[in-house]
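Chains, contacts and geometry: an overview
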Amino acid sequence: MQFPEKIWHNGAVKPWADATTHVMAHAIHYGSSVFEGIRAYETPKGTAIFRLDDHNRRLFQSAKIYDIQIPYTLAEINAACKEIVRVNGLRSAYLRPVVFRGYGGIGIAAETPIDVAVAAMAFGRYLGEGATENGIDACVSSWQRFAPNTLPAGAKAGGNYLSGQLVTREARRHGYGEGIALASTGLLSEGAGENLFLVFDGELHTPPASASILSGITRNSIIQLARDNGINVIERDLPREYLYLCDELMMCGTAAEITPLRSVDGKPVGDGKPGAVTQRVQQLFFGLFDGSTEDRHGWLDYI
């Protein structure tokens, strides 16, 4: 990683190295943070942040679930995102707004100051160069997602990603590019940090929110783009074996963007290459940033 010069921290732009917190901060011990991952793309009309407002609305929703009172408005966080991209001179970037319980108490329910930061940095292909073009190999993890009414999967909270760490580190340890988790029901859930789409007979199938997934904004974007362009999308429960039987398979997320899977557990997906539907979805999605797909939904927020 190449880190930038500046970061927005607790209301001010400061040098990257000065955005510090105490080692006894609540979030370090208890995972009490919520965050977003957002991408800014270079477009023919200038740098644009993708679905900025939608991402930061979810930041506030995640904070609400965990009773974290963000000491800034949505408009202020949106403005901070734009400012930090601008001051770092970035044409494209990965943004990380993060809100966490800071230093001020050691108990689980301690009332502490709430710290807020927004970072923006250069960021390439999350799952490796060439992954979006050629696909990756994945495996089903031995670790399942948490059951309903244990941890709220719908919150993008730091502590939730302990599950994702187990899934992806196990996968990498065994030579795979990413891991796939099942829900507590044994049905498909999601990747370590990505949502799933399976293709059967030209239709997209994806696990529902009830499968302990984070209902991703990239996932929602794919659903809308597909339906806008005549591709049927079905949200439904899916058994594990459908990973081996589908015609095409892709992961999606802000970091992963749209990444095809060429095999699962050593079994090829389709003919082992990104399929026609996957390529069409990628074309529609990345077309938002090169101008070949009309921004019908107002998703591009120019800086």
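Let me begin by describing the structure that accompanies this report. (Residues numbered from 1 in each chain as written. Predicted model: local features only at pLDDT ≥ 70, side-chain atom pairs only at ≥ 80, totals over all residues. Heavy atoms only, no water.)

**Quick notes on the overall build of the protein**
To keep it simple, the criterion reads: Strands are runs of DSSP state E lasting at least 2 residues, helices are runs of H or I lasting at least 4, and numbering of each runs from the N terminus. It is over C-alpha atoms that the radius of gyration is taken, and the globule rule equals 2.2 Å times the number of residues to the power 0.38. The buried label goes to any residue with under 20% of its type's maximum accessible area, the exposed label to any with over 50%, and the partly exposed label to all in between, with areas taken from a 1.4 Å probe on protein chains only. In this analysis, two residues are considered to be in contact whenever any of their non-hydrogen atoms come within 4.5 Å of each other. The Shrake-Rupley method, run with a 1.4 Å probe sphere, supplies the accessible areas, and residue values consider only the shown protein chains as cover. Counted as positive: Lys and Arg. Counted as negative: Asp and Glu, with His and the chain ends omitted from the count. To locate a charge, the coordinates of NZ of Lys, CZ of Arg, CG of Asp or CD of Glu are taken.
Broken down by element type, the protein carries eight helices and 17 strands. At 19 Å, the protein has a C-alpha radius of gyration in line with the 19 Å of a compact globule built from 303 residues. A total of 303 residues make up the protein; the buried ones form 51% of that total. Counted over contacts in the protein with a minimum sequence separation of 6, partners at least 24 positions apart contribute 69%. Of the roughly 13,800 Å² that the protein leaves accessible, carbon and sulfur atoms contribute 50%. Within the protein, the 33 negative side-chain charges are centred at a point lying 2 Å from the centre of the 28 positive side-chain charges.

**Structural notes on the pairing of strand β7 (residues 114-121)**
Counting buried positions along β7 gives eight out of eight residues, so the element sits mostly inside the fold. Residues I114, V116, V118 and A120 of β7 are buried on one face, and the alternating residues D115, A117, A119 and M121, pointing to the opposite face, are buried as well.

**Things to note about the pairing of strand β9 (residues 178-182)**
The following threshold applies: Think of it this way: DSSP has to see at least two bridges between two strands before they count as a pair.
The element β9 is extensively covered by neighbouring structure, given that five of its five residues are classed as buried. Side chains E178, I180 and L182 of β9 all project onto a buried face; the interleaved residues G179 and A181 project onto the opposite face, where all are buried too. Bridging between strand β8 (residues 136-140) and β9 involves three bridges; their strand directions are parallel. Looking at the pairing, C139 lines up with G179 of β9. Strand direction decides the pairing type here: β9 and strand β10 (residues 188-191), joined by three bridges, are antiparallel. Note that in β10 the partner of I180 across the bridge is G191.

**Things to note about the layout of surface pockets**
Empty pockets left among the atoms are what a rolling probe the size of a water molecule brings to light. For clarity, the cut-off: Using a grid of 1 Å spacing that covers the protein atoms alone, one calls a set of points a cavity when a 1.4 Å probe fits there but cannot get out, and a pocket when the set is open and has protein on both sides within 12 Å along at least five of seven lines; lining residues are those with an atom within 4 Å of a point. Grid points are joined across faces, edges and corners, and a volume is the space filled by probe spheres set on the points. Gly falls in the polar group here, along with every residue not listed as nonpolar (Ala, Val, Leu, Ile, Met, Phe, Trp, Tyr, Cys, Pro) or charged (Asp, Glu, Lys, Arg).
Computed from the structure, the largest pocket encloses a volume of approximately 950 Å³. What lines the largest pocket is a set of 41 residues, among which F35, Y94, R96, K156 and Y161 lie closest to the centre. Elements with a minimum of two residues in the lining of the largest pocket: α2 (52-65), β6 (93-101), β7, α5 (161-173), β10, α6 (217-228) and β14 (248-253). Of the residues in the lining of the largest pocket, the class split is 22 nonpolar, 13 polar and six charged.

**Quick notes on empty space enclosed by the protein**
Under the counting rule described, the total for this entry stands at three cavities of 30 Å³ or more. Considered as a void within the structure, the largest cavity measures approximately 40 Å³ in volume. Around the largest cavity, the lining residues are I38, R39, Y41, F50, H55, T218, G253, T254, E257 and F285. Element by element, the count of residues in the lining of the largest cavity is highest for strand β4 (residues 38-43), at three residues. When the residues that make up the lining of the largest cavity are grouped by side-chain class, the tally is four nonpolar, four polar and two charged. Roughly 40 Å³ of volume is contained in the second largest cavity. Forming the walls of the second largest cavity are D247, E248, L249, P260, L261, V269, K273, P274, G275 and T278. Residue assignment for the lining of the second largest cavity shows that the elements contributing at least two residues are β14 and β15 (257-264). A breakdown of the residues in the lining of the second largest cavity according to their chemical character gives five nonpolar, two polar and three charged.

**Details of the packing of aromatic side chains**
Two numbers describe a pair of aromatic rings. These are the distance of the centres and the angle of the planes. Put simply, the rule reads: Between 30 and 60 degrees the pair is tilted, below 30 it is stacked and above 60 it is edge-to-face, where a pair is any two Phe, Tyr or Trp rings, Trp via its six-membered ring, whose centres lie within 6.5 Å. A positively charged side chain is recorded as over a ring if its NZ (Lys) or CZ (Arg) lies within 6 Å of the ring centre. The angle to the ring normal must also be within 35 degrees.
Taken as a whole and assessed by the stated rule, the structure comprises eleven aromatic pairs. On the numbers, 5.1 Å between centres and 25 degrees between planes, the contact of F3 with W16 is stacked. Placement of F3 in the segment before β1 (6-9) and of W16 in the loop between β2 (12-15) and α1 (26-30) is noted, with a sequence separation of 13 residues between them. Judged by its relative accessible area of 25%, W16 is partly exposed. Geometrically, the ring pair formed by W8 and Y72 is edge-to-face, given 5.2 Å between the ring centres and 70 degrees between the ring planes. Highlighted residues: W8 in strand β1 and Y72 in the loop between α2 and α3 (74-87), separated in sequence by 64 residues. The exposure class assigned to W8 is buried, which follows from its relative accessible area of 6%. Here the aromatic residues Y41, F50, F285, F286, F289 and W299 are joined through ring pairs into a cluster of three or more. Lying over the aromatic face of Y244, K267 brings its terminal NZ or CZ to 5.2 Å of the ring centre.

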